[in-house]
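Residues per chain, in single letters:
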Amino acid sequence: MKPCVIIPCFNHAATVAAVARAALTHCPVIVVDDGSTMPLPELPGCTLIRLARNSGKAAALRAGFQRATELGFTHGITMDADGQHSMEDVLKLYDSARETDADMVVGRRTGSSHWYRGLGKAIIRTIAKLMMDIGVHDINSGMKLYETKLAQTYVRLCPDSM
């Protein structure tokens, strides 16, 4: 397993460097600047992809996984640029994928949210279970590990504004 971290980024200049630095202590990092209107800080050691305009998270993920594949990575771990994911949890995704030989591992957010988000997540979770025949608690989590070839198929199905 040869993983990298992929961080889609739109206007997260204040947090992306710390997220990337933490990830770099464990594996290579690809940051995809999705047409930010504010300049990103220096990101030494990272592969940086700049999209010409804001094209949406799915477009940023497509670009990130394409580059990961070109660079020979077998797995990509996605993290949000705002710092909401801990590296400890990202490492748990990696360990889970190694132990189970899974092609995709989805992180789970905890804590409370508005009732309408909970309802929306329940509907999406039900649809995902019907499609995949397995339960996924938080399919919308930005913290996921994908086998890179699977990811390119999956993100192609997602709307750009995802």
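Placed above this text is the structure.
Residues numbered from 1 in each chain as written. Predicted model: local features only at pLDDT ≥ 70, side-chain atom pairs only at ≥ 80, totals over all residues. Heavy atoms only, no water.

1. Details of the overall build of the protein
Next, step 1: Looking only at helices and strands, the protein features 5 helices and 6 strands.
Next, step 2: Taken from N to C terminus, the helices and strands of the protein fall in the order β-α-β-β-α-β-α-β-α-β-α.
Next, step 3: Within the protein, the proportion of its 162 residues that are buried is 40%.
Next, step 4: Considering only intrachain contacts with a sequence separation of at least 6, the fraction spanning at least 24 residues in the protein is 69%. (Helix = DSSP H or I, 4+ residues; strand = E, 2+ residues; numbered from the N terminus. Buried < 20%, exposed > 50% of the residue type's maximum accessible area, 1.4 Å probe, protein only. Contact = heavy atoms within 4.5 Å.)

2. Considering unusual backbone geometry
Next, step 1: Its identity as a non-glycine residue notwithstanding, asparagine 11 has a phi of 55°, on the positive side.
Next, step 2: Structurally, the position occupied by asparagine 11 is in the loop between β1 (3-9) and α1 (16-24).

3. Examining the packing of aromatic side chains
Next, step 1: Taken as a whole, this structure holds 1 aromatic pair when the rule is applied.
Next, step 2: Taken together, a centroid distance of 5.2 Å and an interplanar angle of 85° make the contact between phenylalanine 65 and tyrosine 146 edge-to-face. One end of the pair, phenylalanine 65, is in helix α2 (residues 57-70); the other, tyrosine 146, is in strand β6 (residues 144-147), and 81 residues separate them in sequence. Here phenylalanine 65 and tyrosine 146 have matching classes, each one buried.
Next, step 3: Between lysine 2 and the ring centre of phenylalanine 73, over which it is positioned, the NZ or CZ distance is 5.2 Å. (Phe/Tyr/Trp six-rings, centres within 6.5 Å; stacked < 30°, edge-to-face > 60°. Lys NZ or Arg CZ within 6 Å of the ring centre and 35° of its normal.)

4. Some remarks on the pattern of salt bridges
Next, step 1: Applying the stated criterion to the full structure yields 5 salt bridges.
Next, step 2: A salt bridge links glutamate 70 to arginine 67; the nearest nitrogen and oxygen atoms lie 3.4 Å apart. Here the residue glutamate 70 and the residue arginine 67 both occupy positions in helix α2, the gap between them amounting to 3 residues, near one helical turn.
Next, step 3: Take glutamate 70: its relative accessible area is 52%, and that puts it in the exposed class.
Next, step 4: Notably, a salt bridge pairs lysine 92 with aspartate 89, separated by 3.6 Å at the nearest N-O pair. Taken together, the residues span about one helical turn, with lysine 92 and aspartate 89 both in helix α3 (residues 87-100) at a distance of 3 residues. (Salt bridge = Lys/Arg side-chain N within 4 Å of Asp/Glu carboxyl O.)

5. Structural notes on the pairing of strand β2 (residues 29-33)
In the case of a regular strand, side chains alternate between the two sheet surfaces.
Next, step 1: Of all 5 residues in β2, 5 are buried, a share of seventy percent or more.
Next, step 2: Covered by surrounding structure in β2 are Val29, Val31 and Asp33 together with Ile30 and Val32, the residues of both alternating faces.
Next, step 3: Bridge analysis of β1 against β2 gives 5 bridges, and the strand direction is parallel. Its bridge partner being in β2, valine 5 is matched across the sheet by valine 29.
Next, step 4: For the crossover that starts at β1, traverses α1 and ends in the parallel β2, the hand is right-handed. (Pairing = 2+ DSSP bridges. Right-handed = clockwise from strand over helix to strand, strands pointing away.)

6. Looking at the nonpolar core
Next, step 1: Val5, Ile7, Val16, Val29, Val31, Leu43 and Met79 are the most contacted members of the largest nonpolar core, which totals 23 residues.
Next, step 2: Mapped by element, the contributors of at least two residues to this core are β1, α1, β2 and α3.
Next, step 3: Core analysis: the second largest hydrophobic core is formed by 12 residues, Ile6, Val32, Leu61 and Tyr146 among them. (Core = buried A, V, L, I, M, F, W, Y, C linked by side-chain atoms within 4.5 Å.)

7. What to know about α1
Next, step 1: Of all the positions in α1, only Val16, Ala17, Val19, Ala20 and Ala23 are classed as buried. Mapping the buried residues of α1 onto a view down its axis gives an arc of 160°, with all of them on the same face.
Next, step 2: On its buried side, α1 packs onto β1, β2 and α3. (Arc of directions from axis to C-beta.)

Treat this as a map of the structure, not an account of what it does.
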